Amino acid sequence: MSAEWQPTACILCECNCGIVVQTEGTTLAKIRGDKDHPASQGYTCNKALRLDYYQSNPNRLTSPLRRRPDGSYEEIDWDTAISEVAEGFRRIADDHGGDKIFYYGGGGQGNHLGGAYSGAFLKTIGSRYRSNALAQEKTGEFWVDAHLYGGHTRGEFEHAEVSVFIGKNPWMSQSFPRARTVLNDIAKDPDRSMIVIDPVLTDTASMADFHLRVKPGTDAWCLAAMAAVLVQENLCDETFLAEHTHGEEDVRAALREVPVGDYAQRCGVQEDLLRSAVRRIAAAESVSVFEDLGIQQAPNSTLCSYLNKMLWILTGSFAKKGSQHLHSMFGPLISASSSGVGRTPVTGAPIVAGLVPSNAIPQEILTDHPNRFRAMIVESSNPAHSIADSAACREAFEALELLVVIDVTMTETARLAHYVLPAANQFEKCEATFFNLEFPHNTFHLRHRLFDPLEGTLPEPEIWARLVRELGVVTEEELQPLREAAEKGLDAYLQAFFVAVGTNPGLNKTLPFVLYETLGPTLPEGLAGAAALWGLAQKALMTYPKAVQRAGHADGNALFTAILNGRSGVTFTEHEYADDWALIGHPDRKFELAIPDLLDDLRALKDARPGLTTDEFPIVLSAGERRAFTANDILRNPDWRKRDADGALRVSAADAEALGLVDGGRARITTAAGSAEATVEVSEAMLAGHAALPNGYGVDFIDADGGRRVPGVAPNELTSTEWRDAYAGTPWHKHVPARIEAVSA
Ligand code: SF4
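What counts and how
- Residues numbered from 1 in each chain as written.
- Predicted model: local features only at pLDDT ≥ 70, side-chain atom pairs only at ≥ 80, totals over all residues.
- Heavy atoms only, no water.
- Phe/Tyr/Trp six-rings, centres within 6.5 Å; stacked < 30°, edge-to-face > 60°.
- Helix = DSSP H or I, 4+ residues; strand = E, 2+ residues; numbered from the N terminus.
- Buried < 20%, exposed > 50% of the residue type's maximum accessible area, 1.4 Å probe, protein only.
- Pairing = 2+ DSSP bridges.
- Axes fitted to C-alpha atoms, helices over the stretch in contact; angles between N-to-C directions.
- Near = heavy atom within 4 Å.
- Nonpolar A, V, L, I, M, F, W, Y, C, P; charged D, E, K, R; others polar.
- Parallel < 35°, antiparallel > 145°, perpendicular 65-115°, else oblique.
- Contact = heavy atoms within 4.5 Å.
- Salt bridge = Lys/Arg side-chain N within 4 Å of Asp/Glu carboxyl O.
- Expected span 1.5 Å × (residues − 1).
- Arc of directions from axis to C-beta.
- Disulfide = S-S within 2.5 Å.
- Lys, Arg positive; Asp, Glu negative; His and termini not counted.
- Left-handed = near helix turned anticlockwise from the far one by under 90°.
- Core = buried A, V, L, I, M, F, W, Y, C linked by side-chain atoms within 4.5 Å.

The description of an aromatic ring pair uses the distance of the two centres, along with the angle that the planes make with each other. In total, this model carries 30 aromatic pairs according to the counting rule given. Here the aromatic rings of Y149 and F591 are separated by 5.6 Å at their centres, their planes lie at 70°, and the arrangement is edge-to-face. One end of the pair, Y149, is in the loop between α4 (139-148) and β8 (153-155); the other, F591, is in strand β22 (residues 591-592), with 442 residues separating them in the sequence. As far as the burial class goes, Y149 and F591 line up, both buried. Ring geometry for W312 versus F318: centroids 6.1 Å apart, planes at 25°, classification stacked. For W312, a relative accessible area of 0% translates into the label buried.

In spatial order, the strands read β5-β4-β19-β18-β17-β6-β7; together these seven strands make up an open sheet with mixed pairing. A strand with exactly one partner marks an edge of an open sheet, and here the two such strands are β5 (73-75) and β7 (130-131). Inspection of the sheet shows strand β17 (residues 375-379) paired to strand β18 (residues 402-407) by five bridges, in the parallel sense. Paired with M376 across the bridge in β18 is L403.

The next subject is the sheet that holds strand β10 (residues 193-197). Pairing within the open sheet is parallel, and its four strands lie in the order β11-β10-β9-β13. In this open sheet, the two edge strands, each paired with only one partner strand, are β11 (210-212) and β13 (287-291). Strand-to-strand, the axes of this sheet are offset by a mean angle of 10°, without reference to chain direction. Across five bridges, strand β9 (residues 162-166) lies against β10 in parallel orientation. Counterpart to V162 in the pairing with β10 is S193.

Before going further, it helps to spend a moment on the site of the ligand. Inspection of the region around the ligand gives C10, L12, C13, N16, C17, T44, C45, K47, A48 and Q174 as its neighbouring residues. Partitioned by chemical class, the residues of the shell around the ligand number six nonpolar, three polar and one charged.

In the contact formed by helix α10 (residues 248-256) and helix α26 (residues 596-604), the axes pass within 10 Å of each other and the chain directions differ by 10°. Classified by the angle their axes make, α10 and α26 are roughly parallel. Residues D250, V251, A253, A254 and L255 of α10 touch α26, and the partners they reach there are L599, L602 and R603. Of the residues that constitute the contact of α10 with α26, the class distribution is six nonpolar, no polar and two charged.

It is worth spelling out the pattern of salt bridges at this point. For the structure shown, the criterion picks out 48 salt bridges. For R66, the salt bridge goes to E84, with nearest N and O atoms at 2.8 Å. Here E84 lies in helix α2 (residues 78-96) and R66 lies in strand β4 (residues 65-67), a separation of 18 residues in the sequence. Overall, E84 belongs to the partly exposed group, its relative accessible area being 27%. Salt-bridge contacts for E525 lead to R449; the nearest nitrogen and oxygen are separated by 3.3 Å. Here E525 is found in the loop between α21 (511-518) and α22 (531-543), whereas its partner R449 is found in the loop between β20 (441-444) and α18 (460-471), with 76 residues between them in sequence. On the accessibility criterion, E525 (71% relative accessible area) is exposed. Here R449 falls in the partly exposed class, since its relative accessible area comes to 26%. Here the residues in one salt-bridge network are E412, R415, R636, D700 and R708, joined through shared partners.

With 14 residues, helix α20 (residues 490-503) should reach 20 Å at 1.5 Å per residue; the first-to-last C-alpha distance of 20 Å fits that figure. Y493, A496, F497, A500 and V501 are the residues of α20 that are buried. Each buried residue of α20 lies within a common arc of 125° when the element is viewed along its axis, so the set occupies one face. α20 presents D491, Q495, V499, G502 and T503 as exposed residues on the side facing more than 90 degrees away from its buried surface.

Enumeration according to the criterion identifies zero disulfides in this entry. In this structure C222 is not part of a disulfide, and its nearest cysteine sulfur, from C267, lies 4.3 Å away.

Cis geometry is found at the peptide bond from F439 to P440, where omega equals 5°. Inspection of the secondary structure puts P440 in the loop between β19 (419-422) and β20. At S175, a residue that is not glycine, the phi angle is positive and equals roughly 85°. Looking at S175, the relative accessible area reads 4%, which means it is buried. Positive phi, close to 60°, is recorded for A319, a residue that is not glycine. Mapped onto the elements of the fold, A319 is located in the loop between α14 (301-313) and β14 (324-326).

One can find E248 in helix α10. It turns out E248 is buried and unbridged, and the closest side chain with the opposite charge, R252, is 4.4 Å from it. Beyond its immediate sequence surroundings of up to four residues, E248 is in contact with L241 and L593.

This part covers the environment of F435. Structurally, F435 can be placed in the loop between β19 and β20. Placed 101 residues apart in sequence, F435 and L536 show a C-alpha to C-alpha distance of 14 Å. Contacts of F435, omitting those with residues within four sequence positions, involve E14, G108, Q109, H112, L134 and L333.

Helix-helix packing is characterised by the crossing angle of the two axes and by the distance between the axes. Where helix α19 (residues 476-488) contacts α21, the axes come no closer than 9 Å and their chain directions differ by 50°. With respect to α21, the axis of α19 lies oblique. Regarding α19 and α21, the two cross each other, and that crossing is right-handed. Only V514, E517 and T518 of α21 make contact with α19, whose side of the interface consists of L479, L482, R483 and A486.

Judged by nonpolar contacts, the single largest core of 172 residues is most densely connected at F330 and L533. Of the residues forming this core, the biggest block, 12 residues, is contributed by helix α8 (residues 219-232). Ignoring sequence-local partners within four residues, the contact set of L533 consists of L113, F330, F434, F444, L446, F560 and I563. Membership of the second largest hydrophobic core comes to 26 residues, among which are I365, I387, M410 and A414.

Rendered as structure tokens:
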């Protein structure tokens, strides 16, 4: 065993907590939190310690695969695979246009570096449309963010006097650094408060000072009533609104009309409790708010995003310690200008933040429309399992003329592919996350590889480079000056780079490839894939010059060098609170509060009904609950779970009694989209009429003896692409009308 503790990160949620590991052969033998990581500071949750179930995956792919006509796969060598894949996409681009080639994925919770190289190939073949998991959850919020202030915000919960969590259980789903430590600190401090809006008595709700236990699907009425209390009780920060916002009068006018008592009753929350929570927000020096999937994947999702932001905007909780903040970004994960909505080519669905709504994908393929997607590249993602209506997805993917999947294992999506290209896993190559969303200190962590790539696999940057080389669009003469400059050092490279792109603007189209080919070979062993970060470091300096320099980096090359050397991650920006104003995306640096369509929706709540349930499907099923032993589906070995092996269906005691369900018994769940069986857990956390299945189950795993195990329910066998938000097309996975029946033993 290597006695050396090597820094890396957990890859099981967006926090990517720093860890240090000891290795033994190709396994992660010992794991603990990395105290030197600037954001996580030694913190981990229970999941990080189970990471060897990812690393030691016996189901890894070790050769490119090509599908035979009978549906079976044959191993082929890399040269053949690259040549045939590049030729296949070139043929489709020539015959139908490159915009018929759709790209999905680019990484999950910890692996965004490979996807950073996809652009060179995609741009060269003319591919325009893309999507990823963010279009399943966040695009409604992005759309609101873009209108209100042209950026993305995060709360500073570590210092907030009042923390508000809406459809969010950070004890389980984390999302901000050291979440459980921060929650415990808030709970212990009599001068701070926690407000949770959630139908479920979650771990976080159990710690809250105010738990507004809304009925499922009624969050919009609760949030409308809360924002209305601010206006109707004159609790707004008038100075802030006068100095920093436009359109507040339109918002106030709509909120003055809200019948608070009626809406409190409709969402099932006592009016006194609701008013007390709002008064606590108004009295606080600082408020931070986190909305998550509980509202982002439920009816009125975009309206809920809008209304909850009014809680901190109307009280002026911005640009000060403990408040909500705009923040720097290192990688291009989120398009700041996401209000410019395009449309998908077949169904005209809205494209927010550059992402095709996942719910539209099957319809964009399963049609004879001339503009349909005909080919697809899926990278480090498993949409056949993760997006709504798996049956429709499978049918759509099978209808493609060419589907290529880049992944470490034979996922549900890979099984539908014409070619599967095996990637090195996240500990066998340098990797990074672009989920760098904190303020005032923002962290970037380049993880060095711990192991050599498994034989037969390649890191994604090399796969993309081989595909671009095959297209032959960049010549050796174009690259040579940059190669020579890179040998001389980063300063020479910077100068040569600006000369090269200035005299040859065509290089811009393939920049990640150019960096990989020219700077990559000069980087330390195993870090060629970090070459694209050089460009991002220069961009970070240009975008946030003072904050980058405050963090100790004199220029872009210094930042890049710090990233290469900072094995536990580096702080790349250090902001002052006043910087928030400059990060507002609107030219006058003011908030634009009125969004007319959403104000119409707010008014329409009076006559709207909250849920989708019917006599046939009377229960609201939350499909995809975060629990102690759920993770994204890269953890496919079910043995990683110490509990909840089958992913129990949680139901209330009242429903259990009414439906004849018993704890540990079996139940059939039926929705308009499908049917499945699950083990029952009777839980005090659930309200009557509300049930929950966890995320991350229903993926298969082949044991050492060849046996196939598929524990739990794949949630998207039960969901529909039709239940979606009108603005962003995000699915309503947390509000699936269902029928539940006992299954006799
Ligand atoms: S699952 Fe998330 S919070 Fe837990 S250790 Fe991993 S990255 Fe950190």
